[in-house]
Amino acid sequence: MRILIFGGTGYIGSRLASFLVSKKYEVGNVSRRESKISAVKNFSINDDLLFVLNSFMPDKIIYLSACFNNEDINEIVNVNINIPLNILKIIEHMEGVEFIYTGSYWQFGDRSVPHVPIDLYSASKKAVLPFLDYYNNYTKVRCKEIVLYGTYGESDGRGKLLDYLLNSALSNELVELTEGNQKLNLVNIRDICKAIESIILTKDEVKFAIKSSEEYSPRRIVELIRKHTTLDVKFGIKPYRKVELMSPSYPDCYRIITVRDSLPHYIRNRLNQE
């Protein structure tokens, strides 16, 4: 099977590409940077889309590319909406290509204000869904959506809260946080890759969400870290974001893939390895 990943050099994309190559899939990457995985065939995000698709001839396209910068509305619309729609328009004339779009749990809003995206990034992700419905119902193109919650894992250089706390504990640095009562749903990247492969092979369903069996607040994560080492944290120093997702909302019409929580195990291993 030939799988083309848009955004195959980001954290999730690179780990997914490595996983799929290990499973003997033929993998392509469309990104601003070339994949360091020798078996991956690289294309530039600036290449003509028709050229890319005709050159690689994918069976599946996984769209992981995303713009998160809420100050750049043009790039948000281009990366999160325009490019996916242009891909769909092209594969409408290709036989048997499946398009898999990755959404964000932010598009479902907070449980206190359900179904309302919390920023422009998540609003743009939600805006693509009616187009996927159109292609699924009125064309031969098959589309799937995968909603991702928080991710973590080895060699994560994105500066997410979990790694920030772990690195601060290892370097004995003071951490200043918000009140830390918001809930996070965090899934290990290894489980994300396994779940995505199962979705690739699924034939009868089109909407999926990958989540952990457990939610954690920053306060609780700090408690987990303190079981193994000291961590100096001052809560309430920083304000919450203008729109803070305090409690994730879970969709009704999606197949929820619930992954067994492994965060305490990951924290213990990270701290013991350093």
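Conventions and cut-offs
- Residues numbered from 1 in each chain as written.
- Predicted model: local features only at pLDDT ≥ 70, side-chain atom pairs only at ≥ 80, totals over all residues.
- Heavy atoms only, no water.
- Helix = DSSP H or I, 4+ residues; strand = E, 2+ residues; numbered from the N terminus.
- Buried < 20%, exposed > 50% of the residue type's maximum accessible area, 1.4 Å probe, protein only.
- Contact = heavy atoms within 4.5 Å.
- Lys, Arg positive; Asp, Glu negative; His and termini not counted.
- Charge placed at Lys NZ, Arg CZ, Asp CG, Glu CD.
- Salt bridge = Lys/Arg side-chain N within 4 Å of Asp/Glu carboxyl O.
- Axes fitted to C-alpha atoms, helices over the stretch in contact; angles between N-to-C directions.
- Parallel < 35°, antiparallel > 145°, perpendicular 65-115°, else oblique.
- Nonpolar A, V, L, I, M, F, W, Y, C, P; charged D, E, K, R; others polar.
- Polar contact = N/O pair within 3.5 Å; in protein donor to acceptor, adjacent residues only side chain to side chain.
- Phe/Tyr/Trp six-rings, centres within 6.5 Å; stacked < 30°, edge-to-face > 60°.
- Lys NZ or Arg CZ within 6 Å of the ring centre and 35° of its normal.
- Core = buried A, V, L, I, M, F, W, Y, C linked by side-chain atoms within 4.5 Å.
- Arc of directions from axis to C-beta.
- Pairing = 2+ DSSP bridges.

Some words on the overall build of the protein chain
- What the protein chain contains, in helices and strands, is 9 helices and 15 strands.
- Seen along its three principal axes, the alpha-carbon backbone of the protein chain occupies a region of about 60 × 40 × 35 Å.
- Across the 274 residues in the protein chain, those meeting the buried criterion constitute 51%.
- Contacts in the protein chain between residues at least 24 apart in sequence constitute 73% of all its contacts with a sequence separation of at least 6.
- Between the mean site of the 36 positive side-chain charges and the mean site of the 33 negative ones, the protein chain shows a separation of 4 Å.

Quick notes on the pattern of salt bridges
- The final tally for this structure, using the stated rule, is 15 salt bridges.
- For the salt bridge of Glu154 with Arg190, the shortest nitrogen-to-oxygen distance reads 3.4 Å. Note that Glu154 is positioned in the loop between strand 9 (150–152) and helix 6 (161–171) and Arg190 in helix 7 (residues 189–201), a separation of 36 residues in sequence.
- In this structure, Asp156 engages Arg158 in a salt bridge whose closest nitrogen and oxygen atoms are separated by 2.7 Å.

Focus: the packing of helix 4 (residues 120–127) against helix 5 (residues 129–138)
- Contact geometry of helix 4 with helix 5 gives a least axis separation of 5 Å together with a crossing angle of 15 degrees. Taken as axis vectors, helix 4 and helix 5 run roughly parallel relative to one another. On helix 5, the residues touching Lys125, Lys126 and Ala127 of helix 4 are Leu129, Pro130 and Phe131.
- Its residues assigned to classes, the contact of helix 4 with helix 5 shows 4 nonpolar, no polar and 2 charged.

Thoughts on the side chain of Asp163
- Its place among the elements puts Asp163 in helix 6.
- Here the side chain of Asp163 touches Arg270 through a polar contact of 2.7 Å, side chain to side chain.
- If sequence neighbours within four positions are ignored, Asp163 has contacts with Gly153, Asp156, Tyr266 and Arg270.

Some words on the packing of aromatic side chains
- Per the stated rule, a full pass over the model turns up 15 aromatic pairs.
- Arranged with centres 5.0 Å apart and planes meeting at 75 degrees, the rings of Tyr134 and Tyr135 form a pair that is edge-to-face.
- What makes Tyr135 buried here is its relative accessible area of 7%.
- Ring pairing ties together the aromatic residues Phe68, Tyr105, Trp106, Tyr121, Tyr149 and Tyr250, which thus form one cluster.
- Above the face of the Phe56 ring, Arg2 is positioned so that its terminal group lies 4.3 Å from the ring centre.

Here we look at the nonpolar core
- The biggest cluster of nonpolar side chains holds 40 residues, and the ones touching the most others in it are Leu4, Ile61, Ile87, Leu88, Ile91 and Phe99.
- Listed by contribution, the elements that provide at least two residues to this core are strand 1 (2–6), helix 2 (49–56), strand 4 (60–63), helix 3 (73–91), strand 5 (98–104), helix 5 and strand 8 (142–148).
- Looking at this core element by element, the count peaks at 9 residues for helix 3.
- Every residue in contact with Ile87, bar those within four places of it in the chain, is listed here: Phe6, Leu49, Leu53, Ile61, Tyr63 and Phe99.
- Listed in part, the 28 residues of the second largest apolar core include Leu64, Ala195, Phe208 and Ile210.

Here's the deal with helix 2
- Those residues of helix 2 not exposed but buried are Leu49, Val52, Leu53 and Phe56. An end-on view of helix 2 places all buried positions within 90 degrees of arc, on one side of the element.
- Where the residues of helix 2 are buried, they touch strand 1, strand 2 (26–31), strand 3 (41–44), strand 4 and helix 3.
- Between the side-chain oxygen of the N-cap and the backbone nitrogen of Leu50 there are 3.2 Å, and the N-cap of helix 2 in question is Asp48.
- Phi turns positive, to about 50 degrees, at Met57, one or two residues after helix 2.

A word on the pairing of strand 2
- Of all 6 residues in strand 2, 5 are buried; the element is thus mostly enclosed.
- Two strands pair when backbone bridges link them, and strand 1 and strand 2 are joined in this way by 5 bridges, in the parallel orientation. Bridging from a neighbouring strand, Arg2 pairs with Glu26 of strand 2.
- Taken together, the 4 bridges between strand 2 and strand 3 define a ladder with parallel strand orientation. Bridging across to strand 3, Gly28 finds its partner in Lys41.

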